[in-house]
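If you want the building blocks of each chain, they are given just below.
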2 protein chains.
Amino acid sequence: MFIGELAKRSGVSTRSLRYYEQQGLLRPRRRASGYREYDDSDVATVRRVRVLLAAGLNTDLIREVLPCMADEGTILAPTCDEMAQDLRDERERMSRSIEQLQAAHAMLSSIIHAGEALTAGAGARAGAGAGGKA
Amino acid sequence: MFIGELAKRSGVSTRSLRYYEQQGLLRPRRRASGYREYDDSDVATVRRVRVLLAAGLNTDLIREVLPCMADEGTILAPTCDEMAQDLRDERERMSRSIEQLQAAHAMLSSIIHAGEALTAGAGARAGAGAGGKA
DNA sequence: GTTGACTTTGACATTGACGTCAAGGTCTAG
DNA sequence: CTAGACCTTGACGTCAATGTCAAAGTCAAC
């Protein structure tokens, strides 16, 4: 498939797909015309890239770990020890990020809940659902 | 205290503290000389800002929610309905972020574990701890 | 009052993952 | 073979929080 179809299938802009290639995350074949040609497995690859990017990994590290996730469920070992350490570091960073997010989530929940309590008292239109007077 | 001390106490650069003020997150008094003067509660405020920034909120929204977190544990209701909706949206976004992070965390764990299994078999020097042959 | 650390404003630089525009070549249905 | 949708590279713009540098004023200790 061409880049436009991959964009639709993966939900990622063509600009991003070209950027991923530039960063070495994708290696599409090329037609004589220069057109990029992708195959079905690239859809999954792009999805993995998105997950890792969303998790805060940079493209350098993603480029290294992608080969370890060849197929669905197939996991390979890191290709070198240095990378293994990077992965552990990154995983640790993620754990902290999750904690931070949960802390922030709790903050917002407190405020939102305070607001809902007010709204429930005044307008009685808020779908408070679960959660009494925490 | 002056900006340098707040920077030390909060672990945030003076550059950032000035930026936070510019964004309306801090409102230090000013001496006749122009020097910013902060008080102890600002240390906690800066910490809250860091948590929310780390969670992906932008300074615009943080500026709005900060007044809802006056003291330690004191939570006030949102100051307007529109903001309440923004908070819910943001909280939802956070939930998704947490899920993404957990997914990525699982990915890395799989790879790391595959590597540790190899290392344990070859060199038997990895402190594998818990986890046999999942 | 002098020194040296600290502060002020202002402005430009950086980072990373993109958006966007331009000028041109390619594909394919009809 | 032509229209029009799609693709190419290249370059510059963006956003958000910070780094960094410069020139100048301030504080506090001695």
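Residues numbered from 1 in each chain as written. Chains lettered and ligands numbered in written order. Predicted model: local features only at pLDDT ≥ 70, side-chain atom pairs only at ≥ 80, totals over all residues. Heavy atoms only, no water.

Caption draft 1: Inspection of the protein's contact with DNA strand D at higher detail. Surveying the vicinity of DNA strand D reveals 20 residues, the closest of which are Gly4(A), Arg36(A), Ser13(B), Tyr19(B) and Tyr35(B). Among all atoms of DNA strand D positioned within 4 Å of the protein, those belonging to sugar or phosphate total 68%. One of the side-chain N or O atoms of Arg30(A) is found 3.1 Å from a phosphate oxygen in DNA strand D. At the level of secondary structure, the elements contributing two or more residues to the surface near DNA strand D comprise helix 1 (3–10) of chain A together with helix 2 (14–22) and helix 3 (41–54) of chain B. Counted by class, the surface near DNA strand D contains seven nonpolar, seven polar and six charged residues. (Near = heavy atom within 4 Å. Polar contact = N/O pair within 3.5 Å; in protein donor to acceptor, adjacent residues only side chain to side chain. Helix = DSSP H or I, 4+ residues; strand = E, 2+ residues; numbered from the N terminus. Nonpolar A, V, L, I, M, F, W, Y, C, P; charged D, E, K, R; others polar.)

Caption draft 2: Region of interest: the relation of the copies chain A and chain B. Screw-axis analysis of chain A against chain B gives a translation of 0.1 Å along the axis, an RMSD of 0.1 Å, and a rotation angle of 180°. Taken together, the rotation and translation describe the operation of a two-fold axis. Relative to the rotation axis, the closest C-alpha in chain A is found at Ile98(A), a distance of 3.0 Å. (Least-squares fit on C-alpha atoms with pLDDT ≥ 70 in both.)

Caption draft 3: Molecular detail of helix 2 of chain B. Residues and elements named next belong to chain B. The set of residues buried in helix 2 consists of Ser16, Leu17, Tyr20 and Glu21. Buried residues in helix 2, looked at end-on, bunch into an arc of 145°, giving them a common side. Residues of helix 2 that are exposed and angled more than 90 degrees away from the buried face: Arg15 and Gln22. Those residues of helix 2 that are buried lie in contact with helix 1 (3–10), strand 1 (29–30), strand 2 (36–37) and helix 3. The first or second residue beyond helix 2 is Gly24, which carries a positive phi of 80°. (Buried < 20%, exposed > 50% of the residue type's maximum accessible area, 1.4 Å probe, protein only. Arc of directions from axis to C-beta. Contact = heavy atoms within 4.5 Å.)

Caption draft 4: Here's a closer look at the side chain of Asp42(B). Residues and elements named next belong to chain B. Note that Asp42 resides in helix 3. Comment: no salt bridge for buried Asp42; closest opposite-charge side chain is Arg29, at 5.7 Å. Each residue touching Asp42, except ones within four places of it in the same chain, is listed here: Leu6 and Leu26. (Lys, Arg positive; Asp, Glu negative; His and termini not counted. Salt bridge = Lys/Arg side-chain N within 4 Å of Asp/Glu carboxyl O.)

Caption draft 5: Examining the nonpolar core more closely. One finds Leu17(A) and Leu17(B) to be the most contacted residues of the largest nonpolar core, which totals 66 residues. Beyond its immediate stretch of four places on either side in the chain, Leu17(A) contacts Ile3(A), Leu6(A), Ala7(A), Val12(A), Leu26(A), Tyr38(A) and Val46(A). (Core = buried A, V, L, I, M, F, W, Y, C linked by side-chain atoms within 4.5 Å.)

Caption draft 6: Representation of the interface of chain A and chain B within the structure. Between chain A and chain B, the residue contacts involve 37 residues of the former and 37 residues of the latter. Here chain A meets chain B over a buried area of about 3,300 Å², counting both sides, of which 83% is carbon and sulfur. Considering only the side of chain A, the residues that lose the most area to chain B are Leu101(A), Leu108(A) and Ile111(A), jointly responsible for 20% of the buried surface there. In this assembly, chain A and chain B are joined by zero salt bridges. Here chain A and chain B share four residue pairs in polar contact (both at pLDDT 80 or more) between them. (Buried area = accessible area lost by both parts, 1.4 Å probe.)

Caption draft 7: Structural context of the protein's contact with DNA strand C. What surrounds DNA strand C is a group of 22 residues, the closest being Ser16(A), Tyr20(A), Tyr35(A), Gly4(B) and Arg36(B). For DNA strand C, the backbone portion of the atoms within 4 Å of the protein, that is sugar and phosphate, comes to 69%. A distance of 3.3 Å separates a phosphate oxygen of DNA strand C from a polar atom in the side chain of Arg50(A). Tyr35(B) places a side-chain nitrogen or oxygen 2.9 Å from a base oxygen of DNA strand C. When residues of the surface near DNA strand C are traced back to their parent elements, those giving at least two are helix 2 (14–22) and helix 3 (41–54) of chain A together with helix 1 and helix 2 of chain B. Tallying contributions element by element places helix 2 of chain A first for the surface near DNA strand C, with four residues. When grouped by side-chain class, the residues that make up the surface near DNA strand C number eight nonpolar, seven polar and seven charged.

Caption draft 8: Layout of the environment of Asp86(B). Residues and elements named next belong to chain B. Positionally, Asp86 belongs in helix 5 (residues 81–122). Under the relative-accessibility criterion, Asp86 is labelled partly exposed at 30%. In this structure the C-alpha to C-alpha distance between Asp86 and Leu61, which are 25 residues apart in sequence, comes to 8.1 Å.

Caption draft 9: Quick peek at the pattern of salt bridges. For the coordinates displayed, the defined rule picks out 20 salt bridges over all chains. Between Arg29(A) and Glu37(A) there is a salt bridge, with the nearest N and O atoms lying 3.8 Å from each other. Residue class for Arg29(A) comes out partly exposed when judged on its relative accessible area of 44%. By relative accessible area, Glu37(A) is classed as partly exposed at 22%. A salt bridge links Arg9(B) to Glu5(B); the shortest N-O distance between them is 3.5 Å.

This is a description of form; function is not addressed.
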